[in-house]
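Listed here are the chains, written in short residue letters.
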Amino acid sequence: MLLSVKDLRTYFHTRSGVYRAVDGVSFDLRRGETLGIVGESGSGKSVTCYSLMGLVPQPPGRIESGTAMFDGADLLHCAPRRLQAIRGKRISMIFQDPMTSLNPYLRISEQLIEPLLIHEKISRKAALARALEMLEAVGINDAAKRIHYHPHEFSGGMRQRVMIAMALITKPELLIADEPTTALDVTVQAQILELIKKMQHESGMAVIFITHDLGVVSGLCDRVQVMYAGRIVETADTRTLFYHPRHPYTIGLQRSIPSLQKKGGELFTIKGLPPDVSKPFRGCAFAERCEHAKPLCNEKDPQLAPVSPTHAQTCLRVQAGEI
Amino acid sequence: MTAPILELRDVRTHFPVRGGFLARRDAGAVKAVDGVSLSLARGEVLGLVGESGCGKSTLARTIMQLVPTTGGAVILEGKNLTTGTDAEIEAVRRDLQMVFQDPYASLNPRMTVHDTIAEPLLVHRVCARADTTARVAELMTLVGLAPRFMQKYPHEFSGGQRQRIAIARALALNPKIIIADEPVSALDVSIQAQILNLLAQLVRRMGLSLIFIAHDLSVVKHISDRVAVMYLGKIVELGPASDVIERPRHPYTRALISAIPTPNPGRERTRKRIVLPGDPPSPINPPRGCAFHPRCPHAQERCQAAVPPLEKLEGSHEVACIRAEEIWQ
Ligand SMILES: Nc1ncnc2c1ncn2[C@@H]1O[C@H](COP(=O)(O)OP(=O)(O)O)[C@@H](O)[C@H]1O
Ligand SMILES: Nc1ncnc2c1ncn2[C@@H]1O[C@H](COP(=O)(O)OP(=O)(O)O)[C@@H](O)[C@H]1O
Ligand code: SF4
Ligand SMILES: [Mg+2]
Ligand SMILES: [Mg+2]
């Protein structure tokens, strides 16, 4: 196992209450595997990954519990020096907005070689050669000239490629991608997804891909987990999740995709809104929106239980064999 | 067929390029909208799609007369808005209302829902001050918001609810046409569906015409009677929604549809996707002839000779590609 996350809880302590953004998340990731994390906005996808990368602003955030073992080191608790060596070299992250990782005032060349100079014994000249190679690999034409550009001299799609080049230049074993294509046109999204697949194929790195678009994960991921109100409600290999979902929330998410529905009629929607994670609730967080909810759903705390060796979900009524 | 409620004839909206101090005077222009002709029937929903930067928002702002037109005519119920006096434009503008992508930015954070929706009523004096609250309540109910939330502020609502507030405000003056510029692009899938249902219902109930702008074809498919596909300021394909989406004829539309990831892992892993190289070129110096030719998988030498006109293929399905017929044989 490359990464093993157990019972991660990340809360935000604010004046208006304690937000249980991530509330008991556990999952494993094998080397080379691609895991999709899907869910509506606010479900805790980003905070899950920020927790692993040490990017949660503390305060107001606080990691309340959990471990995240990455190749023998606990990312949540190990010594800062050791962590620095892991994040930035062996684990990289890319974001929806490339300017999150790019410095507007520095030439791309300087930004690309920086992690190499920090983490590897490499000369500046050799680092620049690697940077150029990387830019070419992500499909930047005329890379020898453009490597001297500043970020604003690139178009949106190209800037996304530059950010990917920067994330991959240290040959990480794990890439965490937080909605890297959400703000892009479908045409550019298709280019970026092809690029991530190609780079993964060549280097064998594992990928955690966060998105709210179920379509994106279907072609990219080996396994998918669905988050709702800070918890994982269903996890399965991609085919099973799409063809035989069991949790009513997963089924609802899938049914609300416009492209799957007949033209003309009302579009299916999940009624209501996700719960406020600063308010206490008992039982299943989805109960108030669920068409199958019964009193049982508010009595017991749901736990992931296996449906098959590659499939687990938390719906209490499914577990009781009622639906 | 009755006369269209809105007609665009060869509409062009260019923005001057601000050159540096050494720039020549004729630095050129951003041809954001460059020769668009369209008509919209009463009660019709027209979907307008294309990659970002292709000119969708500029076309919307041109129709609304929020930017000066460079050429052509925007005709609303027989009146040419581009030549009208300010007073004439002001009078017809009530019939045209707009809803924007970002309900966070388009609503004033310091105004209550009541004041937000009441503002156009008071500005246009269509409603006595004493009756505004009743009218606001009526509009809120119409868009699926409980009137008891009238005194709340935008930040107290979710994204989808804020979009409902923006729609209620747009409906306040009983417009004939609503232009919705990417109204669901910033929302989650399940909330998108709620807003699409609401818009479809309003069109049916109130006999509104709707121009629905999106960069995502799978969203417009549901709500639109007809779909127009834009590329670099021009319409390259136009026709009944089902024809354009199920039998796209322009290579660009084909690529746009092919790029949409489908939630079907079996199909996703086996199908051949058309991946367009690069980004759309600059609208300052668009490529010669068919502006799509540098990215088009079917381009030939002759595609650069002249700008292909939008021509009828079959029924009312129109395509601007000289190879449209032969490619799909
Ligand atoms: N800096 C912060 N301060 C307070 N609450 C936060 C902060 N960041 C995230 N949250 C809370 O964490 C929850 C999960 O957020 P996030 O992980 O960003 O969701 P997602 O990525 O699934 O859209 C949100 O509902 C929000 O309330
Ligand atoms: N006020 C303006 N001045 C100069 N250029 C503009 C202006 N508004 C839009 N543009 C340019 O016009 C083109 C079309 O933009 P826009 O209509 O916003 O496209 P879309 O809505 O399809 O994304 C873009 O190249 C954009 O940069
Ligand atoms: S006219 Fe030529 S370049 Fe343009 S879309 Fe048709 S085949 Fe492609
Ligand atoms: Mg997020
Ligand atoms: Mg726009």
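Please read all numbers here as calculations on a predicted model, not as lab measurements.

Caption draft 1: Molecular detail of the packing of helix H4 (residues 113–123) of chain B against helix H5 (residues 129–142) of chain B. Residue and element names in this part refer to chain B. In contact at an axis separation of 9 Å, H4 and H5 are set at 115° when each is read in the N-to-C sense. In terms of crossing hand, the pair formed by H4 and H5 is right-handed. Here Val113, His114, Ile117, Ala118, Leu121 and Leu122 of H4 come into contact with H5, specifically with Arg129, Thr132, Thr133, Arg135, Val136, Leu139 and Met140.

Caption draft 2: Local environment of the side chain of Thr62 of chain B. Residues and elements named next belong to chain B. Structurally, Thr62 is set in helix H1 (residues 56–63). A distance of 2.6 Å separates the side chain of Thr62 from the backbone oxygen of Thr58, its partner in a polar contact. In this structure, Thr62 is in contact with Val11, Thr13, Val67, Thr69 and Val74, ignoring residues within four places of it in sequence.

Caption draft 3: Seen up close, the site of ligand 1. All names here are of chain A. Surrounding ligand 1, one finds 14 residues, the nearest of these being Gly42, Gly44, Lys45, Ser46 and Val47. Lys45 is positioned with one of its side-chain polar atoms (N or O) 2.8 Å from an oxygen atom of ligand 1. One nitrogen or oxygen atom from the side chain of Ser46 is found 2.7 Å from an oxygen atom belonging to ligand 1. In isolation ligand 1 has 560 Å² of accessible area, and contact with the protein removes 68% of it. Elements with a minimum of two residues in the shell around ligand 1: strand E1 (3–14), strand E2 (17–29) and helix H1 (45–53). Of the residues contributing to the shell around ligand 1, the split by class is six nonpolar, six polar and two charged.

Caption draft 4: Quick look at the site of ligand 3. Residue and element names in this part refer to chain B. In the neighbourhood of ligand 3, the contacting residues comprise His250, Pro251, Cys290, Phe292, His293, Cys296, His298, Ala299, Cys303, Cys321, Ile322 and Arg323. Of all the cavities here, the one that holds ligand 3 is the largest cavity. In terms of residue class, the shell around ligand 3 is built from eight nonpolar, three polar and one charged.

Caption draft 5: View of the layout of surface pockets. Residue and element names in this part refer to chain A. Roughly 650 Å³ of internal volume is contained in the second largest pocket. Contributing to the lining of the second largest pocket are 24 residues, with Arg87, Gly88, Glu114, Pro115 and Met166 lying nearest its centre. Mapped onto the lining of the second largest pocket, the elements with two or more residues apiece are helix H2 (80–86), strand E6 (91–94), helix H3 (108–119) and helix H6 (156–168). A per-element tally of the lining of the second largest pocket places H3 first, with five residues. The residue makeup of the lining of the second largest pocket, split by class, is 13 nonpolar, nine polar and two charged.

Caption draft 6: Local environment of the sheet that holds strand E3 (residues 45–49) of chain B. All names here are of chain B. Spatial strand order, E6-E7-E8-E3-E9-E10-E12-E11: eight strands in an open sheet with mixed pairing. The two strands at the open ends of the sheet, each matched to only one other strand, are strand E6 (96–99) and strand E11 (311–314). Strand-to-strand twist across the sheet, computed as the mean angle between neighbouring axes with direction ignored, equals 20°. Of the strand pairs in this sheet, E6 and strand E7 (residues 177–181) are connected by four bridges, and their pairing is parallel. By the bridge assignment, Leu96 is partnered in E7 with Ile177.

Caption draft 7: Representation of the pattern of salt bridges within the structure. Residue and element names in this part refer to chain A. Across all of its chains, the model carries 37 salt bridges over all chains by this definition. The salt bridge involving Asp7 is made with Arg9; its shortest N-O contact spans 2.8 Å. Taking the shortest distance from any N to any O, the salt bridge between Glu120 and Lys89 comes out at 3.3 Å. Of the two residues, Glu120 is situated in the loop between H3 and helix H4 (124–137) and Lys89 in the loop between H2 and E6; the sequence distance between them amounts to 31 residues. Residue classification places Glu120 among the partly exposed positions, given a relative accessible area of 22%. Here Lys89 falls in the partly exposed class, since its relative accessible area comes to 24%. Within the structure, one salt-bridge network assembled from shared partners comprises Asp7, Arg9, Arg20, Asp23 and Arg231.

Caption draft 8: Just the nonpolar core, in detail. Core analysis: the biggest nonpolar cluster contains 66 residues, and Ile167, Leu171, Leu210, Phe212 and Val227 of chain B have the highest contact counts within it. Filtering out sequence-adjacent residues up to four positions away, Phe212 of chain B remains in contact with Leu46, Gly47, Leu48, Ala180, Pro183, Val184, Leu196, Leu199, Val219, Val220 and Ile223 of chain B. Ile164, Phe242, Ala285 and Cys290 of chain A belong to the second-largest nonpolar core, a separate cluster that totals 62 residues.

Calculation notes
Residues numbered from 1 in each chain as written. Chains lettered and ligands numbered in written order. Predicted model: local features only at pLDDT ≥ 70, side-chain atom pairs only at ≥ 80, totals over all residues. Heavy atoms only, no water. Axes fitted to C-alpha atoms, helices over the stretch in contact; angles between N-to-C directions. Helix = DSSP H or I, 4+ residues; strand = E, 2+ residues; numbered from the N terminus. Left-handed = near helix turned anticlockwise from the far one by under 90°. Contact = heavy atoms within 4.5 Å. Polar contact = N/O pair within 3.5 Å; in protein donor to acceptor, adjacent residues only side chain to side chain. Near = heavy atom within 4 Å. Areas by Shrake-Rupley, 256 points an atom, 1.4 Å probe, with all protein chains shown as cover. Nonpolar A, V, L, I, M, F, W, Y, C, P; charged D, E, K, R; others polar. 1 Å grid on protein atoms, 1.4 Å probe; cavity = no way out; pocket = protein on both sides within 12 Å on 5 of 7 lines; lining within 4 Å. Sits in = over half its atoms within 2 Å of the grid points. Points joined across faces, edges and corners; volume = space filled by probe spheres on them. Pairing = 2+ DSSP bridges. Salt bridge = Lys/Arg side-chain N within 4 Å of Asp/Glu carboxyl O. Buried < 20%, exposed > 50% of the residue type's maximum accessible area, 1.4 Å probe, protein only. Core = buried A, V, L, I, M, F, W, Y, C linked by side-chain atoms within 4.5 Å.

Limitation: the analysis is restricted to geometry and does not speak to function.
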